Amino acid sequence: MKYLLLIMATAITFCSCDRNNYALTGKLNCPPYDATFLNTWFPYEQGATYYYKGNVDYKHWLKIDKVTYNDGDESAGCTMPTECLPAGVISAHRDKSQHNKIWFNVIHGISSMYGEQVTLVWNSDNVYLKVNDDGTLVPDPLYYDRQESFYQERKPVVIHHTELWLNEVLYTDVYEIYPSLEDVVSTRKLYLAKGHGVVGFQTVGETYFWKE
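Read on for a plain summary of the structure.

Conventions used here
Residues numbered from 1 in each chain as written. Predicted model: local features only at pLDDT ≥ 70, side-chain atom pairs only at ≥ 80, totals over all residues. Heavy atoms only, no water. Helix = DSSP H or I, 4+ residues; strand = E, 2+ residues; numbered from the N terminus. Contact = heavy atoms within 4.5 Å. Areas by Shrake-Rupley, 256 points an atom, 1.4 Å probe, with all protein chains shown as cover. Disulfide = S-S within 2.5 Å. Buried < 20%, exposed > 50% of the residue type's maximum accessible area, 1.4 Å probe, protein only. Pairing = 2+ DSSP bridges. Axes fitted to C-alpha atoms, helices over the stretch in contact; angles between N-to-C directions. Phe/Tyr/Trp six-rings, centres within 6.5 Å; stacked < 30°, edge-to-face > 60°. Lys NZ or Arg CZ within 6 Å of the ring centre and 35° of its normal.

### Regarding the overall build of the protein
So, step 1. Secondary structure summary: the protein contains five helices and 13 strands in total.
So, step 2. Pairs at least 24 residues apart make up 46% of the contacts formed inside the protein by residues separated by at least 6 positions.
So, step 3. Summing over all exposed atoms, the protein offers an accessible surface of approximately 11,200 Å²; the carbon and sulfur share of this is 52%.

### As for the state of the cysteines
So, step 1. On inspection of all chains with the given rule, the structure shows one disulfide.
So, step 2. Covalently, Cys-30 is tied to Cys-84 through a disulfide, its sulfur atoms 2.0 Å apart. Across the S-S bond linking Cys-30 and Cys-84, the dihedral sits near -95°, which makes this disulfide left-handed. One end of the pair, Cys-30, is in the loop between helix H2 (19–24) and helix H3 (36–41); the other, Cys-84, is in the loop between strand S3 (66–70) and strand S4 (87–92), with 54 residues separating them in the sequence.
So, step 3. Here Cys-84 falls in the partly exposed class, since its relative accessible area comes to 27%.

### Some points on unusual backbone geometry
So, step 1. For Asn-123, which is not glycine, the phi dihedral falls at a positive 55°.
So, step 2. Tracing the sequence through the fold places Asn-123 in the loop between strand S6 (115–122) and strand S7 (125–131).

### A few points about the sheet that holds strand S2 (residues 59–63)
So, step 1. As summarised here, the arrangement of the seven strands in space is S2-S1-S13-S12-S11-S10-S9, forming an open sheet in which the pairing is antiparallel. Only two strands of the sheet have a single partner each, and these edge strands are S2 and strand S9 (157–166). Across the sheet, the axes of successive neighbouring strands diverge by a mean angle of 25°, strand direction being ignored.

### A closer look at the pairing of strand S5 (residues 104–111)
So, step 1. Burial analysis of S5 places six of its eight residues in the buried class, which makes it a mostly covered element.
So, step 2. The pairing of S4 with S5 spans six bridges and is antiparallel. Within S5, the position partnered with Gly-88 by the bridge is His-108.
So, step 3. Sheet topology note: the S5/S6 ladder contains eight bridges and is antiparallel. Note on S6: the bridge partner recorded for Ile-107 is Thr-119.

### Remarks on the sheet that holds strand S8 (residues 137–139)
Whenever strands of a sheet pair, they do so through backbone hydrogen bonds, lying parallel or antiparallel.
So, step 1. On the basis of which strands lie adjacent, the open sheet formed by six strands has the order S3-S4-S5-S6-S7-S8 and antiparallel pairing. The outermost strands of the open sheet, each flanked by one partner alone, are S3 and S8. Going across the sheet, the axis of each strand differs from the next one's by a mean of 20°, ignoring polarity.

### What about the pairing of S7?
So, step 1. Across the seven residues that make up S7, a large majority, five, are buried.
So, step 2. Count of turn residues in the S6/S7 antiparallel hairpin: two residues, of which Asn-123 carries a positive phi of about 55°.

### Here we look at the packing of aromatic side chains
Aromatic ring pairs are defined here through the distance separating the ring centres and the angle between the ring planes.
So, step 1. In this structure the tally under the stated criterion is 16 aromatic pairs.
So, step 2. Ring geometry for Phe-42 against Phe-104: centres 6.5 Å apart, planes inclined by 45°, an arrangement best described as tilted. Placement of the pair is Phe-42 in the loop between H3 and strand S1 (49–54) and Phe-104 in strand S5, with a sequence separation of 62 residues. Note on accessibility: Phe-42 and Phe-104 belong to one class, buried.
So, step 3. Ring plane angle 25° and centroid distance 4.1 Å describe the contact between Tyr-128 and Tyr-143, whose orientation is recorded as stacked. Of this pair, Tyr-128 sits in strand S7 while Tyr-143 sits in helix H4 (residues 141–144); the two residues are 15 residues apart in sequence, bridging distant segments of the chain.
So, step 4. For Tyr-128, a relative accessible area of 18% puts it in the buried group.
So, step 5. Through successive ring pairs, a cluster of aromatic residues spans Phe-42, Tyr-44, Tyr-50, Tyr-52, Tyr-58, Phe-104, Trp-122, Phe-201 and Phe-209.
So, step 6. The side chain of Lys-59 reaches across the aromatic face of Tyr-51, ending 5.6 Å from its centre.

Here you go:
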């Protein structure tokens, strides 16, 4: 089931079924997706641009291309869903010609069996998280807690701070995330702050960038 969030994202992106046939099969009537979590931890607006300034004379920038909410009763192709799988997606497209443009995707999905899950893509690094019942975030056991050593070696480190000073700003409720060194391509560390999104990151070159 490690591809559960990918399936959700596919349903969001490729809803192209014939609506007449779709209606005849008994469409689910799912409640609206609750975007509270997504808006709390990733308060990015569609069309907005955010800048991250480094401790060198250089900036990275993040332009939010799309924010999508899916109630979970949409079809993937012409396959009817059998369970409501609500999800929210925030995306910033990759552009290989612009090295300082951040490639960013967040998928927040909910299922009755596996609860809340989050896939976070920052540049070329992927982190899979689970939202516990108390709202805390941990590495997603559906992805990492497997017998294969492959997944254990790629398990990220997620540290929670009640308060943390970052670039002379005091943030509350902060996650310090270390993507696995086995997978890391561009990022050594991410700082995710409640109410602010990703407020900073460290590159493989040991340079820090902070959200302006």
